[in-house]
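Spelled out, the chains give:
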Amino acid sequence: MYWRGKYLLQRSLALLPSNLGASINHRLSVNFGGLRIPRFYAIHNTLAMCSLLRTLGQDARDHTFVELGTGWTGASAMTLLGLSAKEVYSFDLYRHLDQALVEVALKTLADLCPDKSKTFPFPCNLDAEGARLDISKIDLNRFQYFAPHDARTTGLESNTIDCYFSQAVLEHVPKTIIEEILAESYRIVKPGGLCYHYIQPTMHAAWVDSKATGIDYLTCEDWSWRVFYENDIAHECRLRGVDHLALIRNAGFEIVGEWHTVDQKALAALPGKRLAKRFRSYSDEEVCTDYIWIVGRKPARLDEAGDGHSGSAIAQST
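Draft legend 1. Representation of the overall build of the chain. Looking only at helices and strands, the chain has 11 helices and eight strands in total. For the chain, the residues scored as buried account for 50% of the 318 residues in total. Counting only contacts in the chain whose residues sit at least 6 apart along the sequence, the fraction spanning at least 24 positions is 83%. Of the accessible surface of the chain, which amounts to about 14,800 Å², a share of 52% is contributed by carbon and sulfur atoms.

Draft legend 2. Region of the structure containing empty space enclosed by the protein. Inspection of the entire model under this criterion finds one cavity of 30 Å³ or more. By volume, the largest cavity is sized at about 30 Å³. Tallied by class, the residues present in the lining of the largest cavity amount to four nonpolar, three polar and three charged.

Draft legend 3. Structural context of helix H3 (residues 41-55). With 15 residues, H3 should reach 21 Å at 1.5 Å per residue; the first-to-last C-alpha distance of 22 Å fits that figure. Extensive coverage of H3 is indicated by the burial of 11 of its 15 residues. Positive backbone phi, approximately 90 degrees, marks Gly-57, located one or two places after H3.

Draft legend 4. The arrangement of the pattern of salt bridges in detail. Enumeration according to the criterion identifies 13 salt bridges in this entry. In this structure, the salt-bridge partner of Asp-111 is Lys-107, at a minimum N-O distance of 2.9 Å. Owing to a relative accessible area of 54%, Lys-107 belongs among the exposed residues under this scheme. Put simply, Arg-54, Asp-59, Glu-129 and Arg-132 are held in one network by salt bridges that share partners.

Draft legend 5. Examining the packing of helix H4 (residues 75-82) against helix H5 (residues 99-110) more closely. With their axes 10 Å apart at the nearest point, H4 and H5 run at an angle of 40 degrees to one another. Put simply, H4 runs oblique to H5. Note on packing geometry: the crossing formed by H4 with H5 is right-handed. Across from Ala-75, Met-78 and Thr-79 in H4, the residues of H5 making contact are Val-102, Ala-105, Leu-106 and Leu-109. Residue composition of the contact of H4 with H5, by class: six nonpolar, one polar and no charged.

Draft legend 6. Broad picture of the confidence of the model for the chain. Residue-level pLDDT values for the chain average 89, and 84% of them are 70 or greater. A low-confidence stretch, residues 306-314 (pLDDT under 50), is modelled with 26 contacts involving residues beyond four sequence positions or located in other chains.

Draft legend 7. Up close: a nonpolar patch on the surface. Together, Trp-223, Val-227 and Phe-228 make up an exposed nonpolar region whose accessible area comes to about 320 Å². Note that Val-227 resides in helix H8 (residues 222-229).

Draft legend 8. The arrangement of unusual backbone geometry in detail. Cis rather than trans, the peptide bond between Ala-147 and Pro-148 has omega equal to -5 degrees. Along the polypeptide, Pro-148 turns up in the loop between strand S3 (143-146) and strand S4 (161-167). At Asp-62, a position not held by glycine, the phi torsion is positive, near 60 degrees. Inspection of the secondary structure assignment puts Asp-62 in the loop between H3 and strand S1 (64-68). For Arg-238, which is not glycine, the phi dihedral falls at a positive 70 degrees. Tracing the chain through its elements places Arg-238 in the loop between H8 and helix H9 (241-250).

Draft legend 9. Quick peek at the nonpolar core. Membership of the largest hydrophobic core comes to 38 residues, with the highest contact counts inside it found for Met-49, Phe-65, Leu-80, Phe-122 and Tyr-196. Contributions of two or more residues to this core are made by H3, H4, H5, S3, S4, strand S5 (189-199), strand S6 (254-263) and strand S7 (289-297). Per element, the largest residue contribution to this core is seven residues, and it comes from H3. Once residues within four sequence positions are removed from consideration, Phe-65 is found in contact with Met-49, Leu-53, Ala-60, Leu-80, Ala-85, Glu-87, Val-88, Tyr-89, Ile-161, Cys-163 and Phe-165. Counting residues in each nonpolar core, the second largest holds 29 residues, with Tyr-89, Tyr-186, Ile-199 and Cys-237 among its members.

Draft legend 10. Structural view of the layout of surface pockets. Size it by volume and the second largest pocket reaches roughly 160 Å³. Lining the second largest pocket are Lys-175, Asp-222, Trp-225, Arg-226, Glu-230, His-235, Glu-236, Cys-237, Arg-238, Leu-239 and Arg-278. In terms of residues, the lining of the second largest pocket owes the most to one element, H8, which gives three residues. Among the residues forming the lining of the second largest pocket, the class breakdown is three nonpolar, one polar and seven charged.

Draft legend 11. Expanded view of the environment of Trp-72. Here Trp-72 shows up in the loop between S1 and H4. Overall, the relative accessible area of 28% leaves Trp-72 in the partly exposed class. In the structure, Trp-72 is positioned 33 residues away from Ala-105 in sequence and 10.0 Å away in space, judged by C-alpha atoms.

What counts and what doesn't
Residues numbered from 1 in each chain as written. Predicted model: local features only at pLDDT ≥ 70, side-chain atom pairs only at ≥ 80, totals over all residues. Heavy atoms only, no water. Helix = DSSP H or I, 4+ residues; strand = E, 2+ residues; numbered from the N terminus. Buried < 20%, exposed > 50% of the residue type's maximum accessible area, 1.4 Å probe, protein only. Contact = heavy atoms within 4.5 Å. Areas by Shrake-Rupley, 256 points an atom, 1.4 Å probe, with all protein chains shown as cover. 1 Å grid on protein atoms, 1.4 Å probe; cavity = no way out; pocket = protein on both sides within 12 Å on 5 of 7 lines; lining within 4 Å. Points joined across faces, edges and corners; volume = space filled by probe spheres on them. Nonpolar A, V, L, I, M, F, W, Y, C, P; charged D, E, K, R; others polar. Expected span 1.5 Å × (residues − 1). Salt bridge = Lys/Arg side-chain N within 4 Å of Asp/Glu carboxyl O. Axes fitted to C-alpha atoms, helices over the stretch in contact; angles between N-to-C directions. Parallel < 35°, antiparallel > 145°, perpendicular 65-115°, else oblique. Left-handed = near helix turned anticlockwise from the far one by under 90°. pLDDT = per-residue confidence, 0-100. Patch = residues over 30% accessible without salt bridge, like charges linked within 9 Å, V, L, I, M, F, W, Y side chains within 5 Å. Core = buried A, V, L, I, M, F, W, Y, C linked by side-chain atoms within 4.5 Å.

This is the structure we're talking about:
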């Protein structure tokens, strides 16, 4: 199958000396992959995040954000600044930010017309949030970019950040490192502050392989996945949505909102799949979750337990 070849190629590139493999993979993405025609999904995702946070009593205005995983465009940070955020600190393990793509992102924000076909399984109003965006407020001096940088140690002061967020990042991080990143995020978020994580716990190669499903990589036992497919260029930790939910709760955050969608194609194919041993204890829905949004709140008093769960919803996707 094509998806196996894609992962094998990326694993081979990851074994090349220095940063050569990552550089080749980037050029392939620019010329043939997702960066060939940037879609700037981060803009709409950030508008949706801000609209959701507004319903929880915290909009972007005059608030300080930390972003895990800057990516190539800086679109999330610039969207927040356009919504009058006070400051955005953005951390990336590798220095991906590309000046040409930053300029295209700025132009996209200037010509922003929220995509009415873009829907989310939680309350949000992209039109209203987009109307609040003012590109004249995008002062890049308030965008603090740290890369290469290990987000397990941000260097920021404790209890100073209003919101810590990531978008399509945690599925690319090993579990033990996620635990340390979340512990650091809990340290720097203010009491009463929020974390927001949008995660895609689905096999990413399925998006370019019409014969594959988002759960095909769950048929590999851990040893075979580690030997043949796992790589640092496009690492996929294979954690399910409920695993991410538990990690965020275990870090100390109270879960105040959780929404996820279920991949119907994967669900229909599941009876014909022989899953690896460690995935057989999950429910069908947990196996086939393809997107999950999690909002957590740091207890307003640090002596309070942060293991509550006051809101959840399930949506279906095809």
